[in-house]
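Here is what each chain is made of, one letter per residue.
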Amino acid sequence: MMNWKQLCSGILMGSLASLMGLPSQAHDTTDQLNQAICIEDWEGAIALLDDVISDYPNSQNTLGEYRDRLQQLSTTGLSEKQKAQYCPLNPDPSDLPLLTADEKTPLSARVSEYYQQLDSNMTYDDIATLIGRPGKLDYLSSSYTWRDENGSTLSATFSNNELEDLTIGESPDAPAPAEFEQLQERLEVGINAQAVLQYITRELGEPIWPVEIVKYDWQFREEGIYCQISAYFGSTMDGQVTTYGKLCVKEDE
């Protein structure tokens, strides 16, 4: 049987991975945010989110919609379904068997119905309204690319406001310029994102392609079945690319 991670890599990551190399997931900021939500520290959660919004300006609309949802939750508190989503540790479904079409359950049918209504024009708020509850902010990443006159590229990828990777892509027509290699040697993983961006921009000018990725999950659990809908929102200079995915696995085997 196909491992869930193999399936997920095709469904969730496919189109975005063709645009940029996704980094490994770093969850410090999103974990802090979800812990604050779980204990209903709304002031702390919103303060954390405001910091995130300032670090990801190209995703301001999507994150702003999420902030509005948190503001609503601060007046109502968490429902039992929302507590089940934010508070327990997430299961790792990678080694659990996928639910097949022949094993459809009321939960998987409901999740499939939600999923079939999704389309690439929907915002975060549209999905939260369709499902009837806020998603869980799971992942934040940003990437910036510079290109020289021969087509070589330098791409900087950040997670949690820190440099995660600096990659050179050489043109087939000419080697990468020495400036790219010098920057790669000078800038180390873990340096503050703003400092890295200012430094590279001073050396190379403005990037040609900034990309930000925000991922949300909606989790469901019922009678030994775990389902998840995930939505990736990728902000680019020419619009927004959104990738969706869903899975259902059997927890009790």
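Residues numbered from 1 in each chain as written. Predicted model: local features only at pLDDT ≥ 70, side-chain atom pairs only at ≥ 80, totals over all residues. Heavy atoms only, no water.

**Some remarks on the state of the cysteines**
Then, number 1: Considering all chains together, one arrives at 2 disulfides under this definition.
Then, number 2: Disulfide pairing places Cys 38 opposite Cys 87 at an S-S distance of 2.4 Å. Sign of the S-S torsion, about 125 degrees for the bond between Cys 38 and Cys 87, identifies this disulfide as right-handed. In this pair, Cys 38 is assigned in helix α3 (residues 28–38) and Cys 87 in the loop between α6 (80–86) and α7 (106–116), connecting sequence segments 49 residues apart.
Then, number 3: The class for Cys 38 is partly exposed, based on a relative accessible area of 26%.
Then, number 4: Of the residues examined, Cys 87 reaches a relative accessible area of 31% and is grouped as partly exposed.
Then, number 5: Between the sulfur atoms of Cys 227 and its disulfide partner Cys 248 the distance amounts to 2.0 Å. (Disulfide = S-S within 2.5 Å. Helix = DSSP H or I, 4+ residues; strand = E, 2+ residues; numbered from the N terminus. Buried < 20%, exposed > 50% of the residue type's maximum accessible area, 1.4 Å probe, protein only.)

**Things to note about the pattern of salt bridges**
Then, number 1: Evaluated as defined, the whole model comprises 8 salt bridges.
Then, number 2: Across the pair Glu 80 and Lys 83 runs a salt bridge whose closest N-O atoms are separated by 3.8 Å. Of the two residues, Glu 80 and Lys 83 both sit in helix α6, 3 residues apart, roughly one turn of that helix.
Then, number 3: As a salt-bridge pair, Asp 138 and Lys 215 come within 3.1 Å of each other at their nearest N and O atoms. Taken together, the residues Asp 138 in strand β1 (residues 136–147) and Lys 215 in strand β4 (residues 209–222) connect sequence positions 77 residues apart.
Then, number 4: Classification of Asp 138 as buried rests on a relative accessible area of 10%.
Then, number 5: Take Lys 215: its relative accessible area is 6%, and that puts it in the buried class.
Then, number 6: Several salt bridges share partner residues, and in doing so they unite Asp 138, Lys 215 and Asp 217 into one network. (Salt bridge = Lys/Arg side-chain N within 4 Å of Asp/Glu carboxyl O.)

**Observations regarding the nonpolar core**
Then, number 1: Among the nonpolar cores identified, the biggest contains 39 residues, and Leu 63, Tyr 66 and Trp 218 are the most heavily contacted of them.
Then, number 2: In terms of residue count, the dominant contributor to this core is helix α4 (residues 42–55) (6 residues).
Then, number 3: Membership of the second largest hydrophobic core comes to 15 residues, among which are Phe 158, Phe 180, Ala 193 and Val 196. (Core = buried A, V, L, I, M, F, W, Y, C linked by side-chain atoms within 4.5 Å.)

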